[in-house]
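Observations on the model geometry
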Amino acid sequence: MRRLAARYIAGETLAEALAELADLAGRGHPGILDILGEHVEDEGAARAAAGAYGDAADAIADAKLDAYVSVKPTHFGLALDPRLCLELYAALAERCRARGIFLRVEMEDHPTTDATLALFASLRARFSNVGIVLQSRLLRTPADIAALPAGPVDVRLVKGIYLEPAAIAHVEPEPIRAAYVECARLLFARGAHVRLATHDDGLAERCLQVVREQKVAADRYEFQVLLGVREELWAKWRRAGHTVRVYVPYGPEWRAYSQRRLRKNPQILRHVMRNAVGLG
Ligand code: FAD
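Calculation criteria
Residues numbered from 1 in each chain as written. Predicted model: local features only at pLDDT ≥ 70, side-chain atom pairs only at ≥ 80, totals over all residues. Heavy atoms only, no water. Disulfide = S-S within 2.5 Å. Buried < 20%, exposed > 50% of the residue type's maximum accessible area, 1.4 Å probe, protein only. Axes fitted to C-alpha atoms, helices over the stretch in contact; angles between N-to-C directions. Helix = DSSP H or I, 4+ residues; strand = E, 2+ residues; numbered from the N terminus. Left-handed = near helix turned anticlockwise from the far one by under 90°. Contact = heavy atoms within 4.5 Å. Salt bridge = Lys/Arg side-chain N within 4 Å of Asp/Glu carboxyl O.

Turning next to the state of the cysteines. Counted under the stated rule, the structure contains zero disulfides. As a non-bridged cysteine, Cys 183 has Cys 207 as the owner of its nearest cysteine sulfur, 9.7 Å distant. Residue classification places Cys 183 among the buried residues on the basis of a relative accessible area of 1%.

A separate point is the packing of helix α4 (residues 82-99) against helix α5 (residues 113-126). Viewed as axis vectors pointing N to C, α4 and α5 meet at an angle of 35°, and their least axial separation amounts to 10 Å. Where α4 crosses over α5, the two elements pack in a sense that is right-handed. On the side of α4, the interface is formed by Cys 85, Leu 86, Tyr 89, Ala 90 and Arg 97, while α5 contributes Leu 119, Ser 122, Leu 123 and Arg 126.

Right, let's talk about the pattern of salt bridges for a bit. Summed over the entire model, instances satisfying the criterion amount to 28 salt bridges. Among the ionic pairs, Lys 159 bridges to Asp 200, the shortest N-O distance being 2.9 Å. You can see Lys 159 sitting in the loop between β5 (154-158) and α7 (173-189) and its partner Asp 200 sitting in the loop between β6 (193-197) and α8 (201-213), a full 41 residues away along the chain. Of the charged contacts in the structure, one is a salt bridge between Arg 195 and Glu 222, with a shortest N-O distance of 3.9 Å. Remark: Glu 222 occurs in strand β7 (residues 221-226) and Arg 195 occurs in strand β6; sequence separation between them is 27 residues. Each member of the pair, Arg 195 as well as Glu 222, is classed as buried. A single network of salt bridges, built from pairs that share partners, joins Asp 66, Arg 104, Asp 154, Arg 195, Glu 222 and Arg 245.

Written as structure tokens, this is what we have:
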């Protein structure tokens, strides 16, 4: 499992994650740092996660890397106590702002959507260095875009990794793609910075069409990709002049994340087995 994880995870320590970011920077890719973990069970674990993120943000600034931090709300205790979660995000946003670092609030499954959007609205009222994630899979997302805080916003647009019930979500691939393009269109039209987080090249092409139609400036969009996933695409997009930012997860809790990635692409297992016996 560890061998398989190596493809998707920078390692267990901050030092390993920084080395990965530096390597990516050398290849022309800015980065995103994610400490693996979610659904902490007590306040102490939430505070420990927030401390680790603060150290990570400082280390990014010290190393002068073009990278930022990205946090799941339940890693900071959203499911335990939304006030604790807001307190920890606000303290991290403050620490990041002092060092010129951006902070992304990630989006988890639908029972957390309202609380996550409320969290973002509170943070955005005080900090301009904070952004959000929206999921095209959810039927509510166009309305959520309309209700975003006024003024500039920075949104990572994803399909959504959590399989949601048909009553509240698109469940087939093409409607999820069509909704993604429509959400991108709505976000660009309202002046948002849009981070197109996908490895679906057909979908990316449809979004680039919107970029061209709306004459969106190059600094208002970028592609975001997961470490270890479809590197041939990153190169293609970079050659075409687009920014490709890479999401770098690390931490001791790598096992659950790697299992999720493997479920997405069981082919990886075959490649690793072949390499292990010298056939790769
Ligand atoms: P797909 O159709 O799933 O994939 C397109 C192609 O890429 C397929 O060939 C597929 O096999 C391959 N591929 C895609 N993902 C993987 C993988 N993990 N391993 C191996 N091959 C793969 N979701 C959330 O719900 N909340 C978030 O906060 C969030 N943050 C994200 C941040 C980044 C930077 C990225 C890239 C994704 C994030 N996601 C998040 C996940 C996202 O919602 C999708 O589940 C994921 O990107 C897969 O969808 P896709 O658009 O790449 O298309």
